[in-house]
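In case you want the letters, here they are:
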Amino acid sequence: MADRKVYTDYFFDEPAFNTHDGGYVPLKEPDSPQEKLRIPALLKPDKETDTDMYYTVIAQTGETQLLPGAKTKTWGYNASILGQTIVFKDGKNIHITLKNELPELTTFHWHGLNVPGPITDGGCHAPVYPGESTQINFKCNQVAATLWLHAHPCPATAQHVWKGLATTVIVQDQTESQLPFPRNYGVNDIPLVLQDRNFHENNQLDYMADYDPDGIQGPTPMINGTINPYFDVTTQRLRLRILDGANRREWRLHFSDDLKFTQIASDGGVLPEPVDFTHLMLTCAERAEIIVDFSGYKPGDEVTLYSDDVPLVRFRIHQFAKDDTTLPDHLVNIPDPDVTPNTKIHQVVMAGMDEEVEINGKKFDMQRIDDKQQVGSVEYWDVSNTNDKTGGMIHPYHMHATQFRIVSRNGHEPYPNEHGLKDTVGVNPGETVRLKVWFDKLGVFMNHCHILEHEDGGMMAQFEVYDPDHPKTYKLMDMDTLMTAFAKERGVKKEDLNIPGMHM
């Protein structure tokens, strides 16, 4: 472990950091009292057998004590904000009842999960209306990973996530269970959902007041739905499952004392080799699992996790048993199939800023299929960002229904922690990232920038994964139907409906 190189920079192009945005909202350390970090409960299955797991997932309204004084009106999954952590086991048949107890339609998107589309995937084509429920069933056939569930109703994805509809999903498998990782959930295996919010009168959220077409930001860091959190460390090693769950914000993470930590997994699962860092940057929707070793500290010490120079979580050190566990130099084998001969190279060009965002010169159209790939075929996708380095943005690119391999960045090696499976990749201005992509589920799926306001504003496309021997026809949702439903649920005429992105 001591012989591995330690990386000390953030890799991404500094001129394109969100700190240079014209509308950048800097984080500020909260002045409210420190609160114990909320650890989401594990969602209890309705039933579990040797072969099947049954869950009920409820999107619901609530009130959450985020700051002193009035409670904040929030939304969540089986909770008042964010949600209970959902566990899937590789190889099991999963049965989920999706219930909507919100005042308006929403969808349930399983980000990073390889499931059929468009309905099970839960994108824009799978609305669940207020007071209704639907059932999805699928086989979990995926390596251990930290994924997430979030709302994805076009074009109100950003609003729904801002109100709280996001939660961690953990896939477990036999290979990961044999690795020397901490895995006592809530004790030394902790999800960290990184978000930011702005609080208005009486501690309430006001999405429209804060709206920015390049991505809404707030000055207050919110971790697992906790403001100014601390965590009591009772073990020498701690595993953090970190998710950038923000609408827009990048997180440039480091610990006090530049404490070294080890990344063991990315979006799609365990990395082939562990990677040591002192500084790590995540763009929207990316995940990183890291192990932090506190052996150099004693009871009473405090170690702080920062983004830039703002504290996010304070880790209060308590007495712990000595732990001599070391990580092997090789963790797992990652699939790297050969590209299928004579297949095209797909082109995805992300362009524009503000309301002018688009992919391949077009705004998103729910009725249009922009690309196709045959199921089982392995193909290159070249993803470009045409923004200028000095005035543009890093666009986090996400594909539904797959975990891809990053082949290169502008023809060069990907970043050191990008050799595992990914579903989201930050693309620098002026950069083309080559991906190796394959699908094993049929359906219509979306690919888009994961700055949520860009996604809602039209920087999104959709593709079909098809089987030439068994062609399928899909009934796709249309924007007019969704807008009519939103107007009815919000009690306004459709022409008076105010959802940013609806006129993309």
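S.K.: Whenever I open this one, the sheet that holds strand β27 (residues 371-374) confuses me. Can you help?
M.R.: Sheet strands associate in pairs through backbone hydrogen bonding, adopting either a parallel or an antiparallel arrangement. Spatial ordering of the open sheet is given by β27-β34-β33-β29-β31, a layout of five strands whose pairing is mixed. Edge strands, defined here as strands with exactly one partner in the open sheet, are β27 and β31 (424-427). Direction aside, neighbouring strands of the sheet carry axes that sit 25 degrees apart on average.

S.K.: I would appreciate a short explanation of the packing of aromatic side chains in the present structure.
M.R.: Each pair of aromatic rings is reported with the distance of its centres and the angle of its planes. Within the structure shown, the criterion is met by 20 aromatic pairs. Note on Phe-88 and Phe-138: the rings are 5.7 Å apart at their centroids and 85 degrees apart in plane angle, and the pair reads as edge-to-face. Taken together, the positions of Phe-88 in strand β7 (residues 86-89) and Phe-138 in strand β10 (residues 133-139) put the pair 50 residues apart, joining distant regions of the chain. The class for Phe-88 is buried, based on a relative accessible area of 0%. The buried category is assigned to Phe-138, whose relative accessible area is 7%.

S.K.: Would you take a moment to explain the environment of Thr-72 for this structure?
M.R.: Considering the arrangement of structural elements, one finds Thr-72 in strand β5 (residues 72-77). Note: C-alpha distance between Thr-72 and Phe-199 (127 residues apart in sequence) is 8.7 Å. Apart from residues lying up to four places away in sequence, Thr-72 is in contact with Gly-62, Glu-63, Thr-64, Leu-66, Phe-199, Asn-203, Gln-204 and Leu-205.

S.K.: Which parts of the structure should I look at to understand the pairing of strand β14 (residues 220-223)?
M.R.: Looking along a regular strand, one sees side chains alternate from face to face of the sheet. Side chains Thr-220 and Met-222 of β14 all project onto a buried face; the interleaved residues Pro-221 and Ile-223 project onto the opposite face, where all are buried too. Where strand β13 (residues 189-197) lies against β14, four bridges are found, and the strand directions are antiparallel. Along β14, the bridge assignment pairs Arg-197 with Thr-220. Here two bridges tie β14 to strand β15 (residues 226-227), and the two strands are oriented antiparallel to one another. In the sheet register, Met-222 faces β15, and the bridge partner there is Ile-227. Here β14 folds back onto β15, and the loop between the two strands holds two residues, one of which, Asn-224, carries a positive phi near 55 degrees.

S.K.: What is the right way to read helix α5 (residues 479-490) from this model?
M.R.: Three- or four-residue spacings in an α-helix give side chains the same orientation, since the helix completes a turn every 3.6 residues. The terminal C-alpha atoms of α5 lie 16 Å apart, and with 12 residues this matches the ideal 16 Å at 1.5 Å per residue to within 8%. Where α5 is concerned, the buried positions are Met-479, Leu-482, Met-483, Ala-485, Phe-486 and Ala-487. As for α5, its buried residues are in contact with α1 (157-163). In this structure Asp-478 caps α5, since a side-chain oxygen of it lies 3.2 Å from the backbone nitrogen of Asp-480.

S.K.: Looking at this structure, how should I read the sheet that holds strand β26 (residues 358-359)?
M.R.: What the five strands build is an open sheet, ordered β26-β25-β28-β32-β30; its pairing is mixed. Each edge of the open sheet carries a strand with a single partner, namely β26 and β30 (405-409). By the bridge criterion, seven bridges tie strand β28 (residues 378-385) to strand β32 (residues 432-438) in an arrangement that is antiparallel. In the strand pairing of β32, Glu-379 is matched with Val-437.

S.K.: Before we go on, may I ask you to explain the side chain of Glu-176 in this structure?
M.R.: Checked against the element boundaries, Glu-176 lands in helix α2 (residues 174-177). Glu-176 sits in the buried class, given a relative accessible area of 9%. Separated by 2.9 Å, the side chains of Glu-176 and Arg-239 make a polar contact. Setting aside anything within four residues of it in sequence, one finds Glu-176 in contact with Ala-144, Phe-181, Arg-183, Arg-239 and Val-270.

S.K.: Looking at this structure, I do not really get unusual backbone geometry. What am I missing?
M.R.: Phi is mostly negative for residues that are not glycine, and the peptide bonds are mostly trans. Look at the link from Gly-117 to Pro-118: it is a cis peptide, with omega at 5 degrees. Position of Pro-118 relative to the elements: it lies in the loop between β9 (109-111) and β10. Although it is not a glycine, Asp-258 adopts a positive phi angle of roughly 50 degrees. Looking at the secondary structure, you find Asp-258 in the loop between β18 (251-255) and β19 (261-266). On the basis of relative accessible area, Asp-258 is assigned to the partly exposed category, the value being 42%. One non-glycine residue, Asn-410, adopts positive backbone phi at about 50 degrees. By the element assignment, Asn-410 lies in the loop between β30 and β31. Asn-410 gets classed as partly exposed once you look at its relative accessible area, which sits at 41%.

About the criteria used
- Residues numbered from 1 in each chain as written.
- Predicted model: local features only at pLDDT ≥ 70, side-chain atom pairs only at ≥ 80, totals over all residues.
- Heavy atoms only, no water.
- Pairing = 2+ DSSP bridges.
- Helix = DSSP H or I, 4+ residues; strand = E, 2+ residues; numbered from the N terminus.
- Axes fitted to C-alpha atoms, helices over the stretch in contact; angles between N-to-C directions.
- Phe/Tyr/Trp six-rings, centres within 6.5 Å; stacked < 30°, edge-to-face > 60°.
- Buried < 20%, exposed > 50% of the residue type's maximum accessible area, 1.4 Å probe, protein only.
- Contact = heavy atoms within 4.5 Å.
- Expected span 1.5 Å × (residues − 1).
- Polar contact = N/O pair within 3.5 Å; in protein donor to acceptor, adjacent residues only side chain to side chain.

Interpretation in functional terms is not warranted from these geometric data alone.
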